[in-house]
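This is what each chain is made of:
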Amino acid sequence: MTENRLLDIFDNKIYKLLTIATVSLSLAVCVISFVSALQWIDKPFPGFLFYRNLVVTDIPYKVNKRVGLKRFSDKIIEINRKKVSSPSDIFRAVNSLPVGTIIDYRVFRNGEFINLSIPTMRFTVGDFIWIFGVIYFIGFILLIVGTFVYYLKPQLHSSRIFFFFCSSIGIWFVTSFSAQTTYLLGNLAFLGGLFSPAFAIYLAFIFPSESLLKWRDYYIAFLFALSSFLFTLNTVYFDSYVIWKNINTSIWLYIILGSLSLPASSLITYLKGTSALERQKAQVILLGSSFGLFLPALGAIGVTVFKIDIPYNLLALPVIIFIISVAYAIVKHSLFDIDAIVKKTLLYSILTGVLGGIFILMVIAFNVVFASYGGWRNPVFFIILTIFVVIALNPLKNQIQNFIDLTFFRKRYDYRRTIEEISSAMTSLLDLDEIATKIITSIERTMFLNSVSIILWNENSGNYEVYATSGTASAINSHVIKENSCLVALLKRYKKEVLKEDLIVDEKYIEYRDKLMGAFSDFNAALFIPLFFKGRLIGVLSLGEKKSGLLYTSEDIRLLKTLANQSAIAIENAIAYRMVEDYAKRLERANKELRETQSQLIQAEKMSAIGQLAAGIAHEIRNPLNIIEGARYYLSQVINGEGSTAGEYLNYIKHEVERTNRLIDNLLRFSRAEPPHFELLDINSVLENALILVRKQLSDNHIKLITNFDVSIPSIVGDLNQLWQVFINIIINAIQAMSPGGELRIDTGLASGNSDCVLIKFTDTGIGIDEEDIPKIFNPFFTKKDTGTGLGLSISYKIVEEHRGRILVSSEKGKGTTFMVELPISYSGNIGVEDDGEQKSLSS
């Protein structure tokens, strides 16, 4: 365990002990204060309250205008012309007289002595509620709020200081009545009041932002020293009226400074804060300050300056709003719904102000123009005002709402229109790329974000990978979210969005905070929204910061959740559709390969049958040819004379016999009469040798030859003579198919999609082959030329088949033909090489 960890544990224990002690003290003070206050009910009292030093502090609302006393300014000197030195002197005089008796008081005010006559009163239940109950209720609520916030967020420094801040104010409010009546807990009231600004300023330094002052600890130490000093001065000079009055004025200035510190720090954070979450928390506190501090301040000014009849104690009630706003900002980390509250508050405040201004202008205008007809009191004024409100209220409200959205929230979008647009697109699209593009463009256009990414599950890799990103997020394509990552686990467990700000204050993310921060950093994200389909996490929407710098609102989250649900369905449908398309394509390819294989098998069977037939025919024909040749030779010996006509005919017989023998040799070769001799071959060399033999035909027909031989292809196993024959046949066919000036291109390389085969491609610009003739060109004796036996391609097909290869042909009538010969690099048969009369085998 590290030293810092030990210090944290020690620090937590100290705070825990202080908290327990403070809560226990607060409960005891609340009980004692309430019980002692109950004793005042139905008792006579002077009609005003005062401190132990006889300075007037509180005057009941029902008599505060007619008694002539001034709070914190008047000190009781005499009662019925008798000097008083303690509160008991006043209470004895009041208790000895009937209720309602007028008592003469001599008070000291600002260096003067003033005589006042004030009747005694009975302290009723109403007085108990207005003077004690209201301020006691506020203090008790503050104690509960402070304790509740600390209980929810004990690990936050701001939560701890807020607890002591609420406790100091709460004890001050709860004991304030005792400080003016029973004096039992008077010093606690002063103690709580004097330390509350210190805790308030301390809280302002660390919340909503901790970056306001570098030397914060020194300022805090000074503030607590100042509070202790003022408390000491207040205690020492409590009975010295002139000195104490100046001290009391300083104390109230100190309290006002402390009460304004948190709104001031919130305003600075809202204007200059670096974190969107800090700015939103500041926004909450400023809203609470508007109602909880500034409105009571305006009320106090109204009571003091304009003499408006408002009880002082009621002005303290809105303070609860301010305290609750701070508590809400500390406890709530998402703060989504506060935007709706802020917007409505601003809307109706501005609307009220605008309508009030219009009303005042109309009153002034009527008083000027229609002064002789009663001015604004004329019924016509109210008719016009009513018509104006009916016609202009709603348009005015909409204009103010638009102004607030654009000025304070920097956004404006139609929630319903956006949902309808996205829904329509999601239901009509089936292409995954189009869906991804639509999602990204819709979110970017609506939310004005820095980056948007769609991360989808990849079955092949077993990870969640970036499928599509916005233009500004292209750098994150290399990042993935692993299936076993903590982000995926949390998304599956809670099935809800994860905000980057959640990681700071939400306890359920504490254990995974560093790893999750890494994920947010990798994807440049501020928000992750899961994409679920039938309970299965199929992807994640990664959304960056808003360009405005503001946080996501509750309306934003609702819109994004709706979009995520629709997107998940659309994405899953698109994936299923793509799978069906891929399956259909694979099925089509399989059918094509099956047809090609079937065609090859049929051709092989056909060639085998024809080969057997050719061998038999060749054998049968050779016998009569031998007899004919023998008879011809005998006749040639019998018939003498070179000029004889019979000799000429005998030469014709010899020529035709030789030609028939050559035909038989081709048939025998076709029927595998001669076994192939396999050896290692360089295909490029075989082609070059073949081209040497056909160079004259190419030149005579003005054929342009283009060769592109891949020198890196490996050697293959094959029969040199047979492959040479195949290439010669194909080249001669190409030459015969082209008119003079044609082009023949020969390429070699590895077969596409099969690195175990060598590809030899012959492309000509000839007349092409009719589509219906392509399946027949490898059939024996099939030809459309005037000369030829139709066995060349059949023999070539047979040779390639013997080499475990294949010949493919494609042709377009009038544009040319391409023959592709694929030959395996290795062959499962034997490589025959002569060595001492034996045939050796080399494994391929």
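Residues numbered from 1 in each chain as written. Predicted model: local features only at pLDDT ≥ 70, side-chain atom pairs only at ≥ 80, totals over all residues. Heavy atoms only, no water.

Draft legend 1. View of the confidence of the model for the protein. For the protein, the average pLDDT comes to 79, and 75% of its residues sit at 70 or higher. Contacts for the low-pLDDT stretch residues 1-10, under 50 throughout, to residues beyond four places or in other chains number two contacts. Predicted confidence for residues 828-844 stays below pLDDT 50, and this span has 22 contacts to residues more than four positions away or in other chains. (pLDDT = per-residue confidence, 0-100. Contact = heavy atoms within 4.5 Å.)

Draft legend 2. Seen up close, the pairing of strand S9 (residues 452-458). Within S9, five of the seven residues are buried, which leaves the element mostly enclosed by the surrounding structure. Inspection of the sheet shows S9 paired to strand S14 (residues 536-543) by five bridges, in the antiparallel sense. Note that in S14 the partner of Ser453 across the bridge is Ser542. Relative to strand S10 (residues 463-469), S9 is paired through six bridges, and the arrangement is antiparallel. Considered in S10, the bridge of Ile455 is made with Val466. Turn length for the S9-S10 hairpin, with the two strands adjacent in sequence and antiparallel, is four residues, and the turn residue Gly462 shows positive phi of about 75 degrees. (Buried < 20%, exposed > 50% of the residue type's maximum accessible area, 1.4 Å probe, protein only. Helix = DSSP H or I, 4+ residues; strand = E, 2+ residues; numbered from the N terminus. Pairing = 2+ DSSP bridges.)

Draft legend 3. Summary view of the sheet that holds strand S18 (residues 743-751). The five strands are arranged S16-S18-S19-S21-S20 in an open sheet whose pairing can be described as mixed. Unpaired on one side and paired on the other, strand S16 (704-708) and strand S20 (806-812) mark the two borders of the sheet. Looking at each pair of strands side by side, their axes are set apart by 15 degrees on average, direction ignored. Sheet topology places S20 next to strand S21 (residues 816-824); seven bridges connect them, and they run antiparallel. Among the inter-strand pairings, Glu812 is bridged to a residue of S21, identified as Gly816. (Axes fitted to C-alpha atoms, helices over the stretch in contact; angles between N-to-C directions.)

Draft legend 4. Inspection of the nonpolar core at higher detail. Ranked by size, the top nonpolar core spans 63 residues in total, and within it Phe162, Phe165, Leu203, Ile323 and Val326 carry the most contacts. Element by element, the count of residues in this core is highest for helix H5 (residues 186-206), at 13 residues. Discounting residues that sit within four places of it in the chain, Phe162 has contacts with Val145, Gly146, Val149, Leu203, Ile323, Val326, Ala327 and Ile330. Ile716, Phe727, Phe778 and Ile825 belong to the second largest nonpolar core, which has 41 residues in total. (Core = buried A, V, L, I, M, F, W, Y, C linked by side-chain atoms within 4.5 Å.)

Draft legend 5. Representation of the side chain of Ser289 in the model. Along the chain, Ser289 turns up in helix H8 (residues 276-304). Taking relative accessible area as the criterion, Ser289 reaches 0% and is therefore assigned buried. Apart from the residues lying within four places of it in its own chain, the contact partners of Ser289 are Pro263, Phe294 and Phe322.

Draft legend 6. Spatial organisation of the packing of helix H20 (residues 683-693) against helix H22 (residues 720-737). Where H20 meets H22, the closest approach of the two axes is 9 Å, and the angle between their N-to-C directions is 55 degrees. One way to sum up the angle between H20 and H22 is to call them oblique. The way H20 lies across H22 gives a crossing that is right-handed. Across the interface between the two elements, Ile683, Val686, Leu687, Asn689, Ala690, Leu691 and Leu693 of H20 pack against Leu720, Leu723, Trp724, Phe727, Ile728 and Ile731 of H22. Split into classes, the residues belonging to the contact of H20 with H22 amount to twelve nonpolar, one polar and no charged. (Parallel < 35°, antiparallel > 145°, perpendicular 65-115°, else oblique. Left-handed = near helix turned anticlockwise from the far one by under 90°. Nonpolar A, V, L, I, M, F, W, Y, C, P; charged D, E, K, R; others polar.)

Draft legend 7. Quick look at helix H10 (residues 319-331). Taking 1.5 Å of rise per residue, the 13 residues of H10 would be expected to cover 18 Å, and the 18 Å separating its terminal C-alpha atoms lies within 8% of that figure. Of all 13 residues making up H10, ten are buried, and the element is well covered by its neighbours. Within the span of H10, buried status applies to Val319, Ile320, Phe322, Ile323, Ser325, Val326, Ala327, Ala329, Ile330 and Val331. (Expected span 1.5 Å × (residues − 1).)

Draft legend 8. Molecular detail of unusual backbone geometry. Geometrically, the link from Phe207 to Pro208 is a cis peptide bond, its omega value of 5 degrees lying close to zero. Relative to the elements of secondary structure, Pro208 occurs in the loop between H5 and helix H6 (216-236). The phi dihedral of Leu54 falls on the positive side, at around 75 degrees, and the residue is not glycine. Here Leu54 is to be found in the loop between strand S2 (49-50) and strand S3 (56-58). When its relative accessible area of 4% is taken as the criterion, Leu54 is described as buried. Phi at Tyr183 takes a positive value of approximately 65 degrees, unusual for a residue other than glycine. Mapping Tyr183 onto the fold places it in the loop between helix H4 (157-175) and H5. Overall, the relative accessible area of 19% leaves Tyr183 in the buried class.

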